[in-house]
Each structure stands twice: as C-alpha cells, then as structure tokens.
Amino acid sequence: MSDEPESVSLAGGVTPDSLLHTGGSDEPTPEDLVLASGRDLTPENLRWAERRLAQEGRSAIDKVLP
C-alpha cells in the first residue's frame with residue numbers, strides 16, 4: 001500500500017489504494033459503468049450504460065472489469 005495521501009494528483013496515472021473500492025455493497029451507477037469501460041463521460045455513453053444496467057443489472061459492470 002502506498003504512503004501517499006489521498007489528495008495526490010492522478011498525474012502519475014496510479015490511483016491510491018485508499019481510493020479504490022469494489023462497490024460490493026452498492027449498485028453500480030451509469031457513471032461507474034462508463035468509467036469502468038474506459039469511456040468518456042458523455043451523454044451518449046451514459047445512455048448506453050443506463051440501457052446496459054437496465055438489461056443486465058450488476059453483472060454489466062462485472063463484464064467490463066478485468
């Protein structure tokens with residue numbers, strides 16, 4: 001685990017461990033699915049994510065995560 005504070009800029013490209021979470025107790029949001037799939041947060045991508053979550057539920061995010 002890194003000793004870097006949570007406020008460290010992501011310029012290094014690495015998210016501090018303390019900010020990572022699986023969301024196991026929460027339902028994923030369309031924003032979660034868009035970001036997990038590596039897409040930009042655009043209205044079109046959010047609509048895609050909303051449709052996918054409505055069809056597949058929580059498994060939609062599991063399919064895009066490694």
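Structural notes, computed from the coordinates. Nothing here was measured: the structure is a model prediction, and the numbers come from that model. (Residues numbered from 1 in each chain as written. Predicted model: local features only at pLDDT ≥ 70, side-chain atom pairs only at ≥ 80, totals over all residues. Heavy atoms only, no water.)

### Side note on the overall build of the protein
Helix and strand counts for the protein come out as three helices and zero strands. Reading the protein from its N end, one meets helices and strands in the order α-α-α. Counting all 66 residues of the protein, 20% fall into the buried class. Counting contacts in the protein only where the partners sit at least 6 residues apart, residues at least 24 apart contribute 35% of the total. On the protein, roughly 5,000 Å² of surface is accessible, and the fraction owed to carbon and sulfur atoms is 51%. (Helix = DSSP H or I, 4+ residues; strand = E, 2+ residues; numbered from the N terminus. Buried < 20%, exposed > 50% of the residue type's maximum accessible area, 1.4 Å probe, protein only. Contact = heavy atoms within 4.5 Å. Areas by Shrake-Rupley, 256 points an atom, 1.4 Å probe, with all protein chains shown as cover.)

### Some thoughts on the pattern of salt bridges
Taken as a whole and judged by the stated rule, the model has two salt bridges. One salt bridge in this structure joins Arg52 and Glu56, with 3.3 Å as the shortest N-O distance. Note that Arg52 and Glu56 are positioned in helix 2 (residues 43-56) at a spacing of four residues, about one turn of the helix. Accessibility expressed as a relative area gives 27% for Glu56, which makes it partly exposed. A salt bridge links Glu56 to Lys63; the shortest N-O distance between them is 3.2 Å. (Salt bridge = Lys/Arg side-chain N within 4 Å of Asp/Glu carboxyl O.)

### A word on the nonpolar core
Membership of the largest hydrophobic core is limited to seven residues, which are Leu33, Val34, Trp48, Ala49, Leu53, Ala60 and Ile61. With three residues, helix 2 is the single largest residue contributor to this core. Setting aside its immediate chain neighbours within four residues, Leu53 contacts Pro28, Thr29, Pro30, Leu33 and Ala60. (Core = buried A, V, L, I, M, F, W, Y, C linked by side-chain atoms within 4.5 Å.)

### Some points on helix 2
Because each turn of an α-helix spans 3.6 residues, side chains separated by three or four positions end up pointing in the same direction. An ideal rise of 1.5 Å per residue puts 20 Å on 14 residues; helix 2 measures up with 20 Å between its terminal C-alpha atoms. Those residues of helix 2 lying buried are Asn45, Trp48, Ala49, Arg52 and Leu53. Along helix 2, the residues classed as buried sweep out an arc of 130° about the axis, all on the same side. More than 90 degrees from the buried face of helix 2, the exposed residues found are Pro43, Glu44, Ala54 and Gln55. Buried residues along helix 2 sit in contact with helix 1 (30-36) and helix 3 (59-64). At the exit of helix 2 stands Gly57, carrying a positive phi of roughly 65°. (Expected span 1.5 Å × (residues − 1). Arc of directions from axis to C-beta.)

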